[in-house]
Amino acid sequence: MSIPRIYVAGHRGMVGSAIVRHLLVAGHPPERLLYRAHGELDLTRQADVEAFFARERPDQVYLAAAKVGGIHANNTYPAEFIYDNLMVQTNVIETAYRHGVRKLLFLGSSCIYPRLAPQPMAEEALMTSPLEPTNEPYAIAKIAGIKTCESYNRQYGVDYRSVMPTNLYGPGDNYHPENSHVVPALLRRFHEARQQEAPVVSIWGTGTPRREFLYVDDMAAACVHVMNLDKATYDRHTQPMLSHINIGSGSDISIAELAQTVARVTGYTGRIEFDPGKPDGTPRKLMDSTRLNTLGWKASVALETGLRLAYEDFLKRPENQAR
């Protein structure tokens, strides 16, 4: 059997770069991996995607490309979040099918589940009640991605799978002061507070919402595991119109506990305060990863260990060398 040509869409992002790392460590030949930076290939442009697939002829696709961000970014740019994500995933999935790609893995998000979904959130909770308003456009796009994969499977007989990760963090994360997710935002805030000897760090919200976090290299390992499952096994544990698989660590902590842990990792010893005037988002988000565990995969990196690895990566970035 020939070694597949694998296209990792979004290879410069946190998840995509972790998938590339995992494939290379597992022995996949570098010359059989395909990727393009956004400046080389704009996935929102159908003609460009068509030309790439026609030229490179990948056998498998990891669809990790997406526009992502935290509460502030989702609230500020809702049109961009729904448009960019719908265009990217639709262009890649349709073009992959038309160029004979039989296996594709679409990466979604835990925000596909209702705001008040029963905890932990099982795959069956999808579309059972309203979404969290702060990230609804992004969630709608990701739900559309799942349903696009399922529809292509049903009509065309391809093998397009979907995985829904919990909150991810680790090397390659986005540390933008306004548009980042909670873990990179807190790592940056506490690092700068320690450097400036700030007596207090104020955190958005009450600190009571609970979140689950997964180290990104664990996520990459889970993605490759799911992609490589034989079709009979995958089909036996899923349904044609409920085919996505949750990927989580299996435990959650409060934002207050997370802040305390990040303070410890970064060496900040000042006071932590919470601002209840700012939005909390969903009260709790814990994934039910039973389906994935049954399929033979469990997370291996503990939260504090992962946070220390993420902080080491943050400190290595050139823009942070003088901090």
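Definitions and cut-offs
Residues numbered from 1 in each chain as written. Predicted model: local features only at pLDDT ≥ 70, side-chain atom pairs only at ≥ 80, totals over all residues. Heavy atoms only, no water. Phe/Tyr/Trp six-rings, centres within 6.5 Å; stacked < 30°, edge-to-face > 60°. Lys NZ or Arg CZ within 6 Å of the ring centre and 35° of its normal. Helix = DSSP H or I, 4+ residues; strand = E, 2+ residues; numbered from the N terminus. Polar contact = N/O pair within 3.5 Å; in protein donor to acceptor, adjacent residues only side chain to side chain. Contact = heavy atoms within 4.5 Å. Buried < 20%, exposed > 50% of the residue type's maximum accessible area, 1.4 Å probe, protein only. Pairing = 2+ DSSP bridges. Axes fitted to C-alpha atoms, helices over the stretch in contact; angles between N-to-C directions. Right-handed = clockwise from strand over helix to strand, strands pointing away. Parallel < 35°, antiparallel > 145°, perpendicular 65-115°, else oblique. Left-handed = near helix turned anticlockwise from the far one by under 90°. Nonpolar A, V, L, I, M, F, W, Y, C, P; charged D, E, K, R; others polar.

(A) Highlighting the packing of aromatic side chains. For the coordinates displayed, the defined rule picks out 11 aromatic pairs. Ring-pair connections join several aromatic residues into one group, and the members of that group are Tyr-7, Phe-52 and Phe-53. Looking at Lys-67, its charged tip hangs above the ring of Tyr-77, at a distance of 6.0 Å from the centre. One Lys or Arg, Lys-67, reaches over the ring of Phe-81 and ends 5.3 Å from the middle of that ring.

(B) Summary view of the side chain of His-28. Relative to the helices and strands, His-28 resides in the loop between helix H1 (14–25) and strand S2 (33–34). There is a polar contact of 3.2 Å between the side chain of His-28 and the backbone oxygen of Pro-4. For His-28, the residues in contact, after removing those within four places along its chain, are Ile-3, Pro-4, Ile-6, Leu-23 and Leu-33.

(C) Quick peek at the environment of Pro-165. With respect to the helices and strands, the residue Pro-165 is situated in strand S5 (residues 159–165). Given a relative accessible area of 6%, Pro-165 falls into the buried group. Spatially, the C-alpha atoms of Pro-165 and Glu-212 are 9.9 Å apart, while their sequence positions differ by 47 residues. The residues contacting Pro-165, other than those within four sequence positions of it, are Gly-108, Ser-109, Ser-110, Met-219, Ile-247 and Met-287.

(D) Looking closely at the sheet that holds S5. Spatial ordering of the open sheet is given by S2-S1-S3-S4-S5-S9, a layout of 6 strands whose pairing is parallel. The sheet is open, and its two borders are formed by S2 and strand S9 (245–247), each paired with just one other strand. Inspection of the sheet shows strand S1 (residues 6–9) paired to S2 by 2 bridges, in the parallel sense. Its bridge partner lying in S2, Ile-6 is registered against Leu-33. The strands touched by helix H4 (residues 78–98) are strand S3 (60–63), strand S4 (103–107) and S5; relative to S3, the strand with the most contacts, the crossing angle is about 175°.

(E) Just the pairing of S4, in detail. Burial runs high along S4: 5 of the 5 residues are buried. The two faces of S4 match: Lys-103, Leu-105 and Leu-107 on one face and Leu-104 and Phe-106 on the other face are all buried. Alignment of S3 against S4, held across 4 bridges, turns out to be parallel. By the bridge assignment for S4, Tyr-62 is matched with Leu-105. The β-α-β motif built from S4, the intervening helix H5 (residues 136–156) and the parallel element S5 has right-handed crossover chirality.

(F) Spotlight on the packing of helix H6 (residues 182–196) against helix H9 (residues 255–266). Direction vectors running N to C along H6 and H9 enclose 45°, while the axes themselves pass 9 Å from each other. Viewed along their axes, H6 and H9 adopt a mutual orientation that is oblique. With respect to the hand of their crossing, H6 and H9 are arranged in right-handed fashion. Only Ile-255, Leu-258, Ala-259, Val-262, Ala-263 and Thr-266 of H9 make contact with H6, whose side of the interface consists of Val-182, Val-183, Leu-186, Leu-187, Phe-190, His-191 and Arg-194. Of the residues belonging to the contact of H6 with H9, the class tally is 10 nonpolar, 2 polar and 1 charged.

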